[in-house]
Every structure is written in C-alpha cells, then in structure tokens.
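# Secondary and tertiary structure notes
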Amino acid sequence: MANFGSRKGFADKLALPLMILAFLVVIGFLYWLNITAEPTEVVIVEEEDSRSGRVSAILDVTDFLSDPGQYEGRVVEVSRARVASRLGPQAFWIGTDASPFLVKMGPDLVESGTEVLVEQRLTLTGTVWMMGDSTHSAWDAQGAFPNDGDKTVAEFAIGSPFLEVTQIEVQGGAAETGGTN
C-alpha cells in the first residue's frame, strides 16, 4: 500500500481562511437581503359587530359566568345563555338555578316589547355594569318591577355585576333588536 503522508498540517492551514470566507459569505447574504427586501405593510382589520358596535369579548356563557366582573364597563357577547327565570317584563336571570346572573334589557328592547321565555337559549350582546342602590332605584322608577316580590328579588343583585343587553338573539333564530322573542 502506498503511503501518502500526513495531511494534518494542510487542514490546519485552511481552517482560518475558510472560517473568514464563511463569515464574509453570510454577511454578504444578509446585506443582499437588506437591500433587496421590500417593506411589508401589515394591515390590521378590526372587526366591528354591525349589530351592536364594538364587542370587546365574545364568550361562551360558562366562560362569562366564571368571572363577569372583569368585563365591567365593556361590551360583551355571551352565547348559549339559558334563561333560568324571569324578573318582571324587563329583566331575567341566566345561568344555573344555583347561581343565576341578572340580565336587564336595554331601553330599546323594553320599548319594542321584547320578551324572553324560561329555558330559552340566547346570544346576548350588551354592557356589563355593577348593580348599586341607585341602579335598583332607577329600575324601580322605570317600572321594571311590577310587584314588590320582583323588587325584593332584584335587591339580591346589589353589589354584583349585571348585563344590560342591547341585542338578544334566540339561539338558532334571527337577530332581534326588538319585537317579541
């Protein structure tokens, strides 16, 4: 067999020039990318709910009811809400019978005679507010409580958030901003 000798010295001599050449190639490539790249404009499309203006959160009823207070002052859309019981002609409770959540119809819905039925599944769009004594008194002055029993039941919501809806959609039905549901 023929002996070609050691090539160890040859590889050591080329390591530094090859490393420098590799760096120069990478730098040249990055420079070429920099001068040939075209700026990209990112267009952000904000969806606006045509039914109610800006909706800040679209939630399933279980997600909403886990902490509704965090949405205070914000417009939310709550889907799959079950009407647990009614509270006069202008308000109703959603959620489970053990922990119901108060929903009040907005003035437009009340004026148009919108009505919900117990056990109906709804999609509700409205603003979350905190119930206070002044709110309770204002509802009473508006005739939201046809009897003293409803007024007393609504007092249990004082200090808790409630949803004032501007849009009610019966699940599987057409959108309603008024009329009888």
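All figures in this text were calculated on a predicted structure; none of them were measured in a lab.

### Here's the deal with helix α4 (residues 133-141)
Within an α-helix, residues lying three or four positions from one another point in the same direction, as the helix has 3.6 residues per turn. Listed in full, the buried residues belonging to α4 are Thr-135, His-136 and Trp-139. All buried residues of α4 lie within an arc of 100 degrees about the axis, which places them on one face of the element. Facing away from the buried side of α4, by more than 90 degrees, are the exposed residues Asp-133, Ser-134 and Ala-141. Where the residues of α4 are buried, they touch β4 (100-105), β5 (121-130), α5 (148-155) and β6 (161-170). The first or second residue beyond α4 is Gly-143, which carries a positive phi of 85 degrees.

### Description of unusual backbone geometry
Negative phi values dominate among residues other than glycine, just as trans dominates among peptide bonds. One non-glycine residue, Arg-80, adopts positive backbone phi at about 60 degrees. Relative to the assigned elements, Arg-80 resides in strand β2 (residues 75-87). The backbone phi angle of Glu-119 is positive, close to 80 degrees, even though this residue is not glycine. Positionally, Glu-119 belongs in the loop between α3 (107-111) and β5. Glu-119 gets classed as partly exposed once you look at its relative accessible area, which sits at 49%.

### Re the pattern of salt bridges
Across all of its chains, the model carries five salt bridges by this definition. In this structure, Arg-80 engages Asp-60 in a salt bridge whose closest nitrogen and oxygen atoms are separated by 2.6 Å. With Arg-80 in strand β2 and Asp-60 in strand β1 (residues 57-60), this residue pair connects regions lying 20 residues apart in the sequence. On the basis of relative accessible area, Arg-80 is assigned to the partly exposed category, the value being 40%.

Cut-offs used in this document
All chains use their own residue numbering, which begins from 1 and follows the written sequence. Given that this is a predicted model, residues contribute local features only at a pLDDT of at least 70 and side-chain atom pairs are listed and counted only at 80 or more, while totals for whole chains, interfaces and linings are drawn from all residues. Here the side-chain values reflect all heavy atoms present in the structure, with hydrogen atoms and water set aside. Relative accessibility decides the category of a residue: with a 1.4 Å probe and only protein chains considered, values under 20% of the type maximum give buried, values over 50% give exposed, and everything between is partly exposed. Strands are runs of DSSP state E lasting at least two residues, helices are runs of H or I lasting at least four, and both sets are numbered from the N terminus onward. What the arc covers is the set of directions going from the helix axis to the C-beta atoms. The contact rule is simple, with two residues in contact once any of their heavy atoms fall within 4.5 Å. Any carboxyl oxygen of Asp or Glu within 4 Å of a side-chain nitrogen of Lys or Arg constitutes a salt bridge here.

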